[in-house]
Amino acid sequence: MGTILVVAEHREGELREISCQMLWKAHDLSKALGQELVAVIIGAPDESILTDLSERADRVISVGEGTLKEYSAEIYKEVLMDLMEEYRPYITLIGHTPWGMELAPALSIKKAVPVVTDCVDVLTEDGKPKAIRQIYSGKLFSKVALRDAEGYVITIRPGAFPQDVAERRKGEIIRKEAPTTLPPQRKQFLAFEEAGAGEVDISQAELLVSIGRGIGEEEKVAIVKELAERLGGVLSCSRPVVDKGWLPKYHQVGTSGKTVKPKVYLALGISGAFQHVAGISGAGTVIAVNKDKKAPIFRVAQYGVVSDLFKVVEAMKEKLSA
Ligand SMILES: Cc1cc2nc3c(=O)[nH]c(=O)nc-3n(C[C@H](O)[C@H](O)[C@H](O)COP(=O)(O)OP(=O)(O)OC[C@H]3O[C@@H](n4cnc5c(N)ncnc54)[C@H](O)[C@@H]3O)c2cc1C
């Protein structure tokens, strides 16, 4: 029986959401391929994480509990190479995260297996994996066929799958010591620093009025800010607005910004790239205004207006004044 191996991540004592999302997908793959689902966690900070993982996998391998708590590419790579030698996984799922972006290519080269990165889905066709990736800023999906190989390393984009327990399992927990000889480390973990909350906490807002690159220029930001305030909401944005320096980072929604869960999310001039919409999956109602009727944001919005955003903003202000 083959193995689907999922590399679980943790940070600051908590299991990261990507771990559960990968296990959700791995559940499907293990069923489709008739393979065992094995989760590996290195330096697990506490027992409750192992219990959680054991409900999502047939087996949990916990390596270096307590000792390898802080991520180290060099050490984690050695541990994973040993486990891949032992279990010979058919598919190894790793998060497309700072960890995975370092580990996956290294493992692929060391184990001479193909790697495909930043996938939003993994299918099986004729018993072989096919990876789905987004191209052209999320406007198109590509199905990637992989050459025949004994195993595959696939990195999964955070937010691509739900994180619920797909089917409660009772996985066996196997504990392994950290390797006795550790490789030299070129990087050293010093401390974990949480980004400052800033003046507003968009993650707690019930109404977010969010602007994207479609706002056009910095001077226009104030027009929408005024609308947000009059509606009793908070201004948020997509990443280009932050990259251009028009709003501070703590306003940014998305995978490299904040995950938000407002009752209403009004997206103005935002195309709806995956990295952005992954941050609004918990929003109640999404209303999108975009002048391009094919913008991907309309796929996740319950209400959409194909229009220049400034016309909509002005119309809303007029309504509020009436
Ligand atoms: C590792 C990584 C992490 C990332 N993290 C994030 C993240 O956390 N958050 C995030 O947002 N992005 C993130 N990105 C960037 C992401 O891929 C997109 O590039 C970004 O979300 C696009 O922002 P946008 O929709 O504002 O801009 P665009 O994609 O340029 O879209 C602008 C939209 O505005 C519309 N428009 C233009 N003018 C008007 C107008 N006058 N009225 C109405 N509509 C108009 C256009 O039709 C277009 O759809 C990340 C990318 C990478 C590689």
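Residues numbered from 1 in each chain as written. Predicted model: local features only at pLDDT ≥ 70, side-chain atom pairs only at ≥ 80, totals over all residues. Heavy atoms only, no water.

Undergrad: Any chance you could break down the overall build of the chain for me, citing the residues and the numbers?
TA: Helices and strands together make up the secondary structure of the chain, namely nine helices and 16 strands. Taken over the C-alpha trace, the chain has a radius of gyration of 22 Å; the compact-globule value for 322 residues is 20 Å, and the two agree within 12%. Overall size of the chain, expressed as C-alpha extent along the three principal axes, is 70 × 45 × 35 Å. A burial count over the chain gives 48% of its 322 residues as buried. (Helix = DSSP H or I, 4+ residues; strand = E, 2+ residues; numbered from the N terminus. Rg over C-alpha atoms; globule rule 2.2 N^0.38 Å. Buried < 20%, exposed > 50% of the residue type's maximum accessible area, 1.4 Å probe, protein only.)

Undergrad: Could you give an account of the site of the ligand, naming the residues involved and the relevant values?
TA: The local shell around the ligand holds 24 residues, among which Arg213, Ser238, Gln252, Ser256 and Ser271 are the closest. In the environment of the ligand, an oxygen atom lies 3.2 Å from a nitrogen or oxygen atom belonging to the backbone of Gly257. Burial of the ligand by the protein chains amounts to 76% of its free accessible area of 970 Å². Where the shell around the ligand is concerned, the elements lending two or more residues are helix H6 (239-243) and helix H7 (274-277). (Near = heavy atom within 4 Å. Polar contact = N/O pair within 3.5 Å; in protein donor to acceptor, adjacent residues only side chain to side chain. Areas by Shrake-Rupley, 256 points an atom, 1.4 Å probe, with all protein chains shown as cover.)

Undergrad: So what about a nonpolar patch on the surface? Which residues, and what values?
TA: On the surface, a cluster of nonpolar side chains totalling about 310 Å² of accessible area is made up of Ile135, Tyr136 and Leu140. Locating Ile135 in the fold gives a position in strand E8 (residues 128-135). (Patch = residues over 30% accessible without salt bridge, like charges linked within 9 Å, V, L, I, M, F, W, Y side chains within 5 Å. Salt bridge = Lys/Arg side-chain N within 4 Å of Asp/Glu carboxyl O.)

Undergrad: Outline the pattern of salt bridges, listing residues and values.
TA: Across all of its chains, the model carries 27 salt bridges by this definition. Across the pair Asp118 and Arg157 runs a salt bridge whose closest N-O atoms are separated by 2.8 Å. Of this pair, Asp118 sits in strand E7 (residues 115-125) while Arg157 sits in the loop between strand E10 (152-156) and strand E11 (172-176); the two residues are 39 residues apart in sequence, bridging distant segments of the chain. Neither residue differs from the other here; Asp118 and Arg157 are each classed as buried.

Undergrad: Describe a negative patch on the surface, and please don't skip the residues or the numbers.
TA: There is a patch of like negative charges on the surface, built from Glu12, Glu14, Glu70 and Glu194. Assignment of secondary structure puts Glu12 in the loop between strand E2 (10-11) and strand E3 (14-15). (Lys, Arg positive; Asp, Glu negative; His and termini not counted. Charge placed at Lys NZ, Arg CZ, Asp CG, Glu CD.)

Undergrad: Lay out the packing of helix H5 (residues 221-230) against helix H9 (residues 309-321) with the relevant residues and their values.
TA: Two elements in contact, H5 and H9, have axes separated by 10 Å at closest approach and are oriented at 35 degrees. Two packed elements cross with a definite hand, and for H5 against H9 that hand is left-handed. Contacts between H5 and H9 pair Ile223, Val224, Glu226, Leu227 and Arg230 from the former with Leu309, Phe310, Val313, Glu314, Met316, Lys317, Leu320 and Ser321 from the latter. When its residues are assigned to classes, the contact of H5 with H9 shows eight nonpolar, one polar and four charged. (Axes fitted to C-alpha atoms, helices over the stretch in contact; angles between N-to-C directions. Left-handed = near helix turned anticlockwise from the far one by under 90°. Contact = heavy atoms within 4.5 Å. Nonpolar A, V, L, I, M, F, W, Y, C, P; charged D, E, K, R; others polar.)

Undergrad: Kindly report on the domain arrangement of the chain, identifying the contributing residues and their values.
TA: Taken as a whole, the chain is organised into domain 1 (3-176) and domain 2 (202-321). Using C-alpha coordinates to define each centre, domain 1 is positioned 33 Å away from domain 2. Contacts between the two partners involve 10 residues from domain 1, matched on the other side by seven residues from domain 2. Inspection of the domain 1/domain 2 interface yields zero salt bridges. At the junction of domain 1 and domain 2, the tally comes to zero residue pairs in polar contact (both at pLDDT 80 or more). By residue class, the composition of the side of domain 1 that touches domain 2 is four nonpolar, four polar and two charged. (Domains from an automatic or database assignment.)

Undergrad: Could you give me a rundown of the sheet that holds strand E14 (residues 264-268), with the residues and numbers involved?
TA: Strand order in the open sheet formed by five strands is E13-E12-E14-E15-E16, with parallel pairing between adjacent strands. Edge positions in the sheet fall to strand E13 (234-237) and strand E16 (303-306), since each has one partner strand and no second. The average undirected angle you get between the axes of adjacent strands in this sheet is 20 degrees. Here E14 pairs with strand E15 (residues 285-290) via five bridges, running parallel. Its bridge partner lying in E15, Ala267 is registered against Ala288. (Pairing = 2+ DSSP bridges.)

Undergrad: Lay out helix H2 (residues 47-54) with the relevant residues and their values.
TA: Among the residues of H2, those classed as buried are Ile49, Leu50, Leu53 and Ser54. All buried residues of H2 lie within an arc of 135 degrees about the axis, which places them on one face of the element. (Arc of directions from axis to C-beta.)

Undergrad: Quick one: what's the story with the pairing of E7, residue by residue and with numbers?
TA: Pairing of E7 with E10, which is carried by three bridges, proceeds in the parallel orientation. Paired with Val116 across the bridge in E10 is Ile154. Bridging between E7 and E8 involves six bridges; their strand directions are antiparallel. Each bridged residue has a counterpart across the sheet, and for Glu125 the counterpart in E8 is Lys128. Two successive antiparallel strands, E7 and E8, enclose a turn made up of two residues, where Asp126 displays a positive phi of approximately 50 degrees.

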